[in-house]
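Residues per chain are reported as follows:
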Amino acid sequence: MTELRTDIDVRSRASGEQRRFVAGHVVSLKRDPAADFPLRHETTSRRAHAELSWSDGHGWVLRDVSARAGLFLGGVAQQAVLIDRPTLVRLGATDAGEDLELTPVGTVDPAHAARMAALSAQTVMAPQAGAGAAWRLAVTAAGETLTFEHEPVGRAVSIGRDPACDVTVDDATVSRHHADLVSTPEGWRYEDHSTGGSWLDGKRKATVTVDRTTELKLGEPLTGVPLRLEVSAPADVVRRRERRIRSVKLAAAAGAVAVIAVVATVVALVAGNGSDSNQTPNTISSATLLAVEQATVKLEIIGADGESAGWGSGSIIDPHGMILTNSHVADPNALGLTTQYGSPLGDETPAYLLVDLRGDGPDGTVQARYRARKVVSDGYLDLAVVQIYADAKGNKIDPATLNLPTLEVGDSDKLSVGDEVTVVGFPGVSQSRAATVTKGDASAFVRDERLKSDRSWIETTARIAHGNSGGAAVDASGALIGVPTRIAPEHEGDVGWWFRPVDWANRLITLARNHQGSGYVTPYVTPATGVTITPLGWTANKDDACGTDPSQQVAHAAGGTFEMYLGVRVAGLQKGLEFNVSISGPAGYSSDTTGTSSGTASACFTVPVIFRNGDGRYYVQLSVDPPGSSTEYAAIAVGGS
């Protein structure tokens, strides 16, 4: 039984730096000296690469929050990793990132210890012969099989990513409490509670009657986690089932003559009805999917030093080399990205994008063919159009001479909940140079008040991983209906995926085709110019925080926890400007406040800080949009250190 410990040591193998953090705070890991744990490798993100946080009863969880960098465990990309034992992870590129050793230490979490003790007392038995084995259930997941008794009727067996579940499945696509198996007088009933869904023969199921061997997929219909359910049905139920099967076979044989008699008439009717051939297909065909793959490209991000800094995906929308992708792939400092994602991206603007197209081989491996650069970008929508201008070696080419495979730009407003969605791209999780395909459906439409639309995002059950960003989300006819963009904000541990409806890209596509993209800026964000930040000092009285002397420091004996307030003056504000003032400090501490300027030239804000042991250095950061023009840092010494 794993014991959860409330402190954690983080050590970089490259630099040898080691820091200890305590439960209760979110620890930031990024390539920034002000981070709780600064990263140093060039492939890590300066904006926000990963967060390490404590979850009561579950332990430490490391989450990838970067836009295009990665988190790898054993060489496989992860969205989140549960750290309940010494664990080695890599941040950045899979082949040359920064290796971190994470080791839980300190006291044992009493809540988890009590829960595990209670769980271990439950009856989990191996199958036995005899009448008592009726409706016994065997659950197989992740290579492990557990067996559960049927009695008492109404008992529930929980399945999920939470270690407290009866059946634990440690995979990011599985919800913390994904499903329950409930015993009924007729056997067992499977009840889904997840975001990603439970899938049977490619169809999403809310409930499934389990009275025989049943195989489900958790989280995704094709590549989801397999779950095998086996029941030992009573002998009389088996006999009734066999009689029912024989009856069906006899009825089918008797009806065969009637079927043959009418088949010619049916064929004639179908052939004479031309409208059937024009119906939109319910599922994408293999030929259509191949065409989509041929028009989906890998975009390698090349920095000023000529080195690769990651990759994304894109969709060719014009035979002359126009490609639709995400701003965070093509233009990571675009106005609006900071507002969209909450903090500056901070990554270097690419010198160019290397465009990899599918080769002629049967394995679908891509090859570097061209170079492309940004034509127009909207950071808040996180959409960009790039144009091919040279071959892979940098030799200029005339785009008019190109005749590339393309995707038809569809109408995302026609998409309904439940319609099939196929996502094609190049995620790092695949460890492949061929496109990866995931299938699901449109599960919800998401509103954004800033865009004043109930269809600002479309949530899908088709898995989107890092590297998929900017790729193709297509309907059953193969038309482009969205751009895979982000992992949905986590709700109670559930993971979902969002793509931007392609209708939001129509304006950008028109500007690009008319060569009018250079002067475009997003209309959804008020840009910041000349904004500055001045920390005013610390005080124990919140009402005095904005009147303190900037030189004032806090002296407090080490040991104990206490609350102080920091006054922060922000000047140069424009009306409607959104900003975030955040403070980070020792032991993973962070605190922030967000506001929107009403138009005054300057304002003072009060940020509360909880000090643990008092001493340490605390950092203040102002985040505005665009990040390059106005973000400043200020170091505040506390307790004389």
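*Asks:* In this structure, what is going on with the pattern of salt bridges? I would like to understand it.
*Replies:* All told, the structure shown has 16 salt bridges when counted by the stated rule. Of the charged contacts, one joins Arg40 and Glu17 as a salt bridge, the two residues approaching to 2.9 Å between their closest N and O atoms. Residue Arg40 is found in the loop between strand 4 (37-38) and strand 5 (50-55), and its partner Glu17 is found in the loop between strand 1 (5-12) and strand 2 (18-22); the two are separated by 23 residues along the sequence. Taking the relative accessible area as the measure of exposure, Glu17 reaches 18% and is therefore buried.

*Asks:* Explain the confidence of the model for the protein chain to me, please; I cannot follow it from the model alone.
*Replies:* Any residue range with low pLDDT should be treated as having predicted coordinates unsuitable for detailed reading. Taken as a whole, the protein chain shows an average pLDDT of 75; of its residues, 68% reach a score of 70 or greater. Across the protein chain, strand 25 (residues 322-325) holds the top mean pLDDT of 97, while helix 2 (residues 235-272) sits lowest at 40. Ignoring residues within four places in sequence, the model shows residues 118-132, a span with pLDDT below 50, making 17 contacts including any to other chains. Note on residues 238-278: pLDDT is under 50 here. Beyond four places in sequence and across chains, it has five contacts.

*Asks:* So what exactly am I meant to see when it comes to the sheet that holds strand 32 (residues 472-474) here?
*Replies:* Within a beta sheet, neighbouring strands are joined by backbone hydrogen bonds and run either parallel or antiparallel to one another. In spatial order, the strands read 29-30-31-34-33-32; together these six strands close into a barrel with antiparallel pairing. Ignoring strand direction, the axes of neighbouring strands in this sheet form an average angle of 40 degrees. Examined bridge by bridge, strand 31 (residues 453-460) and strand 34 (residues 497-501) share three bridges and lie antiparallel to one another. Residue pairing for strand 34: Thr460 is matched across the bridge by Trp497. Most of the contacts of helix 3 (residues 286-294) go to strand 29 (residues 420-425), to which it runs at about 40 degrees, and overall it touches strand 29, strand 30 (436-448) and strand 32.

*Asks:* So what exactly am I meant to see when it comes to the pairing of strand 17 (residues 187-192) here?
*Replies:* Regular strands place their side chains on alternate faces of the sheet. Counted residue by residue, strand 17 has five buried out of six residues, so it is predominantly covered. Remark: two residues form the turn of the hairpin made by strand 16 (residues 179-184) and strand 17, two consecutive strands paired antiparallel. Looking at chain direction, strand 17 and strand 20 (residues 207-210) are connected through four bridges and run antiparallel. Paired with Trp188 across the bridge in strand 20 is Val210.

*Asks:* Please clarify how helix 6 (residues 506-513) should be interpreted in this entry.
*Replies:* Three- or four-residue spacings in an α-helix give side chains the same orientation, since the helix completes a turn every 3.6 residues. Along helix 6, the residues classified as buried are Leu508, Ile509, Leu511 and Ala512. All buried residues of helix 6 lie within an arc of 160 degrees about the axis, which places them on one face of the element. Where helix 6 is buried, its residues contact strand 24 (308-318), strand 25, strand 27 (366-378) and strand 28 (383-391). Where helix 6 terminates, the next one or two residues include His515, which has phi positive at roughly 55 degrees.

*Asks:* What should I look at first to understand the packing of aromatic side chains in this one?
*Replies:* Each aromatic ring pair is characterised by the separation of its centres together with the angle its planes make. Scanning the entire structure with this criterion turns up three aromatic pairs. Ring geometry for Trp457 versus Trp498: centroids 5.5 Å apart, planes at 35 degrees, classification tilted. Here Trp498 lies in strand 34 and Trp457 lies in strand 31, a separation of 41 residues in the sequence. Exposure class is identical for Trp457 and Trp498. Each is buried.

*Asks:* Quick question: what am I supposed to make of helix 3 here?
*Replies:* Turning to helix 3, its buried residues are Leu289, Val292 and Glu293. Each buried residue of helix 3 lies within a common arc of 100 degrees when the element is viewed along its axis, so the set occupies one face. The elements touched by buried residues of helix 3 are strand 23 (296-302), strand 26 (352-358), strand 29, strand 30 and strand 32.

About the cut-offs
Residues numbered from 1 in each chain as written. Predicted model: local features only at pLDDT ≥ 70, side-chain atom pairs only at ≥ 80, totals over all residues. Heavy atoms only, no water. Salt bridge = Lys/Arg side-chain N within 4 Å of Asp/Glu carboxyl O. Helix = DSSP H or I, 4+ residues; strand = E, 2+ residues; numbered from the N terminus. Buried < 20%, exposed > 50% of the residue type's maximum accessible area, 1.4 Å probe, protein only. pLDDT = per-residue confidence, 0-100. Contact = heavy atoms within 4.5 Å. Pairing = 2+ DSSP bridges. Axes fitted to C-alpha atoms, helices over the stretch in contact; angles between N-to-C directions. Arc of directions from axis to C-beta. Phe/Tyr/Trp six-rings, centres within 6.5 Å; stacked < 30°, edge-to-face > 60°.

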